[in-house]
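One letter stands for each residue in the lines below.
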Amino acid sequence: AGGGSGPVGSAAEDGGPSAPERVVFPPTFSVSEIKNKQRRHFMFLRWKQQQRKEKLAAKKKRRKEREALGDKAPPKAIPKTIENQRVYDETTVDPNDEEVAFDEATDEFAPYFNRQTVPKILITTSDRPRGRTVRFCEQLSTVIPNSHVYYRRGLALKRIIPQCIARDFTDLIVINEDRKIPNGLVLSHLPDGPTAHFRMSSVRLRKEIKRKGKEPTEHVPEVILNNFTTRLGHSIGRMFASLFPHDPQFIGRQVATFHNQRDYIFFRFHRYIFKSEKKVGIQELGPRFTLKLRSLQKGTFDSKFGEYEWIHKRREMDTSRRKFHL
């Protein structure tokens, strides 16, 4: 059991039904000093319970004080979290920056945002995929409009990419698996790149989601991109946005969300329902998964001679819990 210091309640020695007396230990006493494991665990739980009671009582006291003061009450304190204590990143994007605007107008995704191209996606897998990966690809194709599933059988990606370009595909998605579980995603923007490699985890198919809604319709969904604030995150967000057609069909009430939190990208697919003029409910349609960026490569997929814009180096980059890259 864990340790802690402070006042700890002690049970009555006689084991009677009366309430246990409160015993105040010396300030330097630690629960971890108790030799008996069961007694130490019991005392630690009692100490934690006392801490929760004191915290709840203080919270109620503050709420009553705020109600008594009314409009004169001081603003609520903002709790400290890893997100709002984040180390400042010098590459954070300013929407009014002229350099950022120029880069967006000339990067590989500019034809999409200028409405010169219409997204057409090819979804494929690693060689000889298993059942779970196959079902995931089929469900992913119902989320991304104008996407087509092709199952590889020993065909190298370097041979697939020229065929995709010749057939006017704008993006290639490759789902990799390990031990019958999808564990990686490669997203390559065609014809000139870039290519992003993600680690995939927490994959849930539709039948595995509790309280899911009905099957998604063929309406073009809305797309929400959250917290892609740096130049690298901005590029990744534009890659995801370019997978979906320009004009969402709001009548379908479907939303695809890419939410970045601590460099983990959570994907969710929902349908929202208007319960009244003021209340809106949501139903998750699935599938859901989590992505972690491993590398961003210039050009299309090339594992041997590709030039990398960014590579995740865990020992060098993960030295601080408050340092994020997206």
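As recorded in an unreviewed UniProt entry, the protein goes by the name Ribosome production factor 1, listed as coming from Circaetus pectoralis. Within the UniProt record for the protein, the comment given under Subcellular location (unreviewed entry) is "Nucleus, Nucleolus". As stated in UniProt under Function (unreviewed entry), the record for the protein gives "May be required for ribosome biogenesis."

1. Some points on the domain arrangement of the protein
Domain assignment breaks the protein into domain 1 (31-68) and domain 2 (91-318). Using C-alpha coordinates to define each centre, domain 1 is positioned 45 Å away from domain 2.

2. Structural notes on the environment of P111
Among the secondary structure elements, P111 is positioned in helix α3 (residues 110-113). Residue class for P111 comes out partly exposed when judged on its relative accessible area of 28%. Expressed as a C-alpha distance, the spacing of P111 and P245, which sit 134 residues apart in the sequence, is 13 Å. Discounting residues that sit within four places of it in the chain, P111 has contacts with Q116 and T117.

3. What to know about the pairing of strand β3 (residues 121-125)
Along a regular strand, successive side chains alternate from one face of the sheet to the other. Of all five residues in β3, five are buried, a share of seventy percent or more. Here β3 shows a buried face lined by I121, I123 and T125 and a second buried face lined by L122 and T124. The sheet contact formed by β3 and strand β4 (residues 147-150) spans four bridges and is parallel. Considered in β4, the bridge of L122 is made with H148. In terms of handedness, the path from β3 via helix α4 (residues 131-143) over to β4 forms a crossover that is right-handed. With five bridges connecting them, β3 and strand β5 (residues 171-178) associate as parallel partners. When the sheet's bridge partners are listed, I123 is paired in β5 with I173.

4. A short note on the pairing of strand β6 (residues 181-189)
Of all nine residues in β6, seven are buried, a share of seventy percent or more. Where β5 and β6 come together, eight bridges link them in antiparallel fashion. Its bridge partner lying in β6, V174 is registered against V186. With antiparallel pairing between neighbouring strands as the criterion, β5 and β6 make up a hairpin whose turn holds two residues, including R179 at a positive phi of roughly 55°. For β6 and strand β7 (residues 195-204), the ladder comprises five bridges, and the chain directions are antiparallel. Considered in β7, the bridge of V186 is made with H197. Counted along the chain from β6 to the antiparallel partner β7, the turn is five residues long, and its residue G193 has a positive phi close to 85°.

The rules behind the values
Residues numbered from 1 in each chain as written. Predicted model: local features only at pLDDT ≥ 70, side-chain atom pairs only at ≥ 80, totals over all residues. Heavy atoms only, no water. UniProt positions renumbered as here; feature names shortened; annotations may be inferred. Domains from an automatic or database assignment. Helix = DSSP H or I, 4+ residues; strand = E, 2+ residues; numbered from the N terminus. Buried < 20%, exposed > 50% of the residue type's maximum accessible area, 1.4 Å probe, protein only. Contact = heavy atoms within 4.5 Å. Pairing = 2+ DSSP bridges. Right-handed = clockwise from strand over helix to strand, strands pointing away.

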